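Chains, contacts and geometry: an overview
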Amino acid sequence: MARAVSTRRKIGFTVAAWVVAMLIFFPILYTIITSFKSETEAIAGFSLIPSGTLESYAEVQAQSNYFKFFLNSVIIAVGSTILALVVAVPAAWSMAFSPTKRTKDILMWMLSTKMMPAVAVLVPIYLIFRDTHLLDTRIGLTVMLMLINLPIVVWMLYTYFREIPGEILEAARMDGATLWGEIVYVLTPMAVPGIASTMLLNIILAWNEAFWTIRLTTTNAAPLTAFIASFSSPQGLFWAKLSAASTLAIAPILIMGWFSQRQLVRGLTFGAVK
Amino acid sequence: MATRQTSTLARFMMAPSVILLFIWMIVPLAMTLWFSFQNYNLLNPGNVSFAGLFNYKFFYTDPAFFQSIWNTLVLVVGVLLITVIGGIALALLLDQPMFGQGIVRILVISPFFVMPPVAALVWKNMIMHPGYGVFADIAKFFGAQPVDWFAQYPLFSIIIIVAWQWLPFATLILLTALQSLDGEQKEAAEMDGAGFVSRFIYLTVPHISRAVTVVILIQTIFLLGVYAEILVTTNGGPGYASTNLPFLIYRTALLGYDVGGASAGGIIAVILANIVAFFLMRAVGKNLDK
């Protein structure tokens, strides 16, 4: 039975929700606006109308070679995600399609590794990285982020794969499909959406990781998290530049995030809320 | 269905993940445990000796230790209160019929995708700055004295920033839980004359209680490790006023070069996290059985 909602009530909720949403979004909006101001405009008091200058963007790139950091972020986030998928897909696959008595225990144990506070292993990881000359290298950071996110990737893939009906596999086998044929023609097409959303969420998490990326890099491999954190040292007022750098740093992930918000719930709650 | 052949294959497919995670868990943790019983300073690396429980005693008797534990708890509880209560209110609001619901959702979820250093710096400089921030502009507009947030209320300011980052997460998960509530049940309750409050207490609360538990537990795991937000705003100060346990360990390790002391702190952090983890695993494990 459809219930007619009075338009007046709907308008009331609309206004309330938009006001709250704009308040929450405001710091981001104001950053984007400030990035199109000049430095003097940026500290000249509250204003939502920028002059539209692009000088801050040009200066960020000219002064600090912004795109080097951007490139590092892309390489580390995408690289660690692909590595994690390569390792996790077979594992999640076998757990979803031929579960054993221990499957649940293994999954729980994987989850438990995620509980280890990063700072507790800062010293050994730092020393290992120092002694193997992995400090400030992209490869070191990529492997690091792969390990950190591996449990989430396995879990997310597992919850997706589990929803693929097993009867389809049996039907394919009855029709004489080989294992290889099963994987290529039956399972892969059904698994692709799950793998894609896992990939998206993992790139977001890796992009925003702000402990190891700051502590294990100095210049060569420093991604955007480390670059932005370096703005914290007080060297005068440079808010337009900070805003420009911030806008560039969050824009790609913000857009990816908007597309993946539904998968996010499943991924971050390990399937406990869908 | 699982023949011997497929189960061997399954084991083979699982091996890389299991081995990698096992090494990742055991090796650094064992090293931290080992270091925590050693006198080991990076400035004097040739002189390493067994220290017994000295590092733990050192950490335990440091006045900064109890303050950092206290700050960690205040930070976690403060952010949880704001995000859970705010998240329930927001989720209830967003669950109502309205125009442009999709865009509102996107606006509300956005802060979650902002990397911690950006979130902290934007709040520090553009919102809470005593001279040029938006809060100062508002105060000046009303003729009041602007507040120097990070000097006067350092921990509270950090709580605000972290809560802003996590409120979207709580809202999104609680909204997802709300939306799975059976609409017919709601209508039936309404027709039986149940008002908003009693519908909320008897229908909504039991339905979303598990989602609330999950939100609390997952956020706690992340909130115990808040680091970048402190690094770029107050750097733990003034004094130790906004130093939490991770930040104290970082200070001991990389600023004091004290490997032993930092490792003892790390072990304490592991114990704290394990207490939380125990409950999280139970909540998630229950879901697996269904």
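Reading guide: rules and limits
Residues numbered from 1 in each chain as written. Chains lettered and ligands numbered in written order. Predicted model: local features only at pLDDT ≥ 70, side-chain atom pairs only at ≥ 80, totals over all residues. Heavy atoms only, no water. UniProt positions renumbered as here; feature names shortened; annotations may be inferred. Helix = DSSP H or I, 4+ residues; strand = E, 2+ residues; numbered from the N terminus. Rg over C-alpha atoms; globule rule 2.2 N^0.38 Å. Contact = heavy atoms within 4.5 Å. Areas by Shrake-Rupley, 256 points an atom, 1.4 Å probe, with all protein chains shown as cover. Lys, Arg positive; Asp, Glu negative; His and termini not counted. Charge placed at Lys NZ, Arg CZ, Asp CG, Glu CD. Domains from an automatic or database assignment. Buried area = accessible area lost by both parts, 1.4 Å probe. Polar contact = N/O pair within 3.5 Å; in protein donor to acceptor, adjacent residues only side chain to side chain. Salt bridge = Lys/Arg side-chain N within 4 Å of Asp/Glu carboxyl O. Nonpolar A, V, L, I, M, F, W, Y, C, P; charged D, E, K, R; others polar. Buried < 20%, exposed > 50% of the residue type's maximum accessible area, 1.4 Å probe, protein only. Axes fitted to C-alpha atoms, helices over the stretch in contact; angles between N-to-C directions. Parallel < 35°, antiparallel > 145°, perpendicular 65-115°, else oblique. Phe/Tyr/Trp six-rings, centres within 6.5 Å; stacked < 30°, edge-to-face > 60°. Lys NZ or Arg CZ within 6 Å of the ring centre and 35° of its normal. Left-handed = near helix turned anticlockwise from the far one by under 90°.

Per an unreviewed UniProt entry, chain B is named Sugar ABC transporter permease, and its organism is Aminobacter anthyllidis. Word for word, the UniProt comment on chain B under Sequence similarities (unreviewed entry) is "Belongs to the binding-protein-dependent transport system permease family." Heading Subcellular location (unreviewed entry) of the UniProt record for chain B holds this comment: "Cell membrane".

In the annotation of an unreviewed UniProt entry, the entry for chain A reads Carbohydrate ABC transporter permease, and the organism field reads Aminobacter anthyllidis. Looking at chain A in UniProt, the text filed under Subcellular location (unreviewed entry) is "Cell membrane". According to UniProt, the comment filed for chain A under the heading Sequence similarities (unreviewed entry) is "Belongs to the binding-protein-dependent transport system permease family."

Glancing now at the overall build of chain A. Each helix and strand counted, chain A has twelve helices and zero strands in total. Reading chain A from its N end, one meets helices and strands in the order α-α-α-α-α-α-α-α-α-α-α-α. Since a compact globule built from 274 residues should have a radius of gyration of about 19 Å, the 23 Å found for chain A marks it as more spread out than a globular shape. Its C-alpha atoms give chain A principal-axis dimensions of about 75 × 70 × 35 Å. Restricting to contacts in chain A with at least 6 residues of sequence separation, those with at least 24 account for 73%. Total accessible area on chain A is roughly 11800 Å²; 68% of this is exposed by carbon and sulfur atoms. A gap of 10 Å separates the mean positions of the 19 positive and 13 negative side-chain charges of chain A.

A few words now on the UniProt feature "domain: ABC transmembrane type-1" (unreviewed entry) in chain B. What UniProt calls "domain: ABC transmembrane type-1" (unreviewed entry) maps, in this numbering, to residues 69-280 of chain B. Between the C-alpha atoms that bound residues 69-280 of chain B the distance is 21 Å, and the span itself is 76% helix and 0% strand.

Right, let's get into the domain arrangement of chain A. By a widely used convention, the size of an interface equals the accessible area lost when the partners come together. Residue and element names in this part refer to chain A. By the assigned domains, chain A splits into domain 1 (7-55) and domain 2 (66-268). The gap between the C-alpha centroids of domain 1 and domain 2 is 32 Å. The interface of domain 1 with domain 2 comprises ten residues on the first partner and eleven residues on the second. Carbon and sulfur atoms make up 75% of the area that domain 1 and domain 2 hide from each other, which totals about 820 Å². Contact with domain 2 buries surface across domain 1, with Ser35, Glu39 and Ile43 losing the most and accounting together for 50% of the total. At the surface where domain 1 touches domain 2, the tally comes to zero residue pairs in polar contact (both at pLDDT 80 or more). Those elements that place two or more of their residues in the side of domain 1 that touches domain 2 are helix H1 (7-35) and helix H2 (39-42).

What follows concerns the interface of chain A and chain B. Across the boundary between the two partners, chain A contributes 106 residues, which contact 95 residues of chain B. Summing both sides of the interface, chain A and chain B together bury roughly 9100 Å²; the carbon and sulfur share of this comes to 79%. Contact with chain B buries surface across chain A, with Ile24, Met115 and Trp239 of chain A losing the most and accounting together for 7% of the total. Applying the counting criterion to the chain A and chain B interface returns zero salt bridges. Counting across the interface, chain A meets chain B through nine residue pairs in polar contact (both at pLDDT 80 or more). Looking at the side of chain A that touches chain B element by element, the count peaks at 19 residues for H1 of chain A. For the side of chain A that touches chain B, the class distribution of residues is 76 nonpolar, 17 polar and 13 charged.

All names here are of chain B. As annotated by UniProt and renumbered to match this structure, "transmembrane region" (unreviewed entry) occupies residues 12-37, 69-94, 106-123, 155-178, 208-228 and 248-281. In residues 12-37, the share of helix is 92% and the share of strand is 0%. The end C-alpha atoms are 38 Å apart. Along residues 155-178, the helical share is 100% and the strand share 0%, with 33 Å between the first and last C-alpha atoms.

Residues and elements named next belong to chain A. Applying the stated rule across the entire model yields two salt bridges over all chains. In this structure, the salt-bridge partner of arginine 130 is aspartate 131, at a minimum N-O distance of 3.2 Å. Look at arginine 130 and you get partly exposed, because its relative accessible area is 35%.

This part covers the packing of helix H5 (residues 116-127) of chain B against helix H6 (residues 134-141) of chain B. Residues and elements named next belong to chain B. Running from N to C, H5 and H6 point in directions that differ by 25°, and their axes come no closer than 6 Å. Classified by the interaxial angle, the pair formed by H5 and H6 is roughly parallel. Of the residues in H6, those in contact with Trp123, Met126 and Ile127 of H5 are Val134, Phe135 and Ala136. A class-by-class count of the residues in the contact of H5 with H6 yields six nonpolar, no polar and no charged.

What follows concerns the packing of aromatic side chains. Inspection of every chain in the model, using the stated rule, returns 29 aromatic pairs over all chains. Note on tryptophan 123 of chain B and phenylalanine 135 of chain B: the rings are 6.4 Å apart at their centroids and 75° apart in plane angle, and the pair reads as edge-to-face. Taken together, the positions of tryptophan 123 of chain B in helix H5 and phenylalanine 135 of chain B in helix H6 put the pair twelve residues apart, joining distant regions of the chain. With relative accessibility at 8%, the residue tryptophan 123 of chain B sits in the buried group. For phenylalanine 135 of chain B, a relative accessible area of 32% corresponds to the partly exposed category. Within the aromatic cluster, the residues linked to one another by ring pairs are Tyr66, Phe67, Phe69, Phe70, Trp207 and Phe227 of chain A. Seen from the ring of phenylalanine 99 of chain B, lysine 10 of chain A lies directly overhead, with NZ or CZ sitting 4.5 Å from the centre. Lying over the aromatic face of phenylalanine 69 of chain A, lysine 68 of chain A brings its terminal NZ or CZ to 5.3 Å of the ring centre.

A word on the packing of helix H8 (residues 166-174) of chain A against helix H9 (residues 179-208) of chain A. Residue and element names in this part refer to chain A. In contact at an axis separation of 11 Å, H8 and H9 are set at 160° when each is read in the N-to-C sense. Classified by the angle their axes make, H8 and H9 are roughly antiparallel. Regarding H8 and H9, the two cross each other, and that crossing is right-handed. Contact residues: Ile168, Leu169, Ala172 and Arg173 in H8; Glu182, Val186, Leu187 and Met190 in H9. When grouped by side-chain class, the residues that make up the contact of H8 with H9 number six nonpolar, no polar and two charged.

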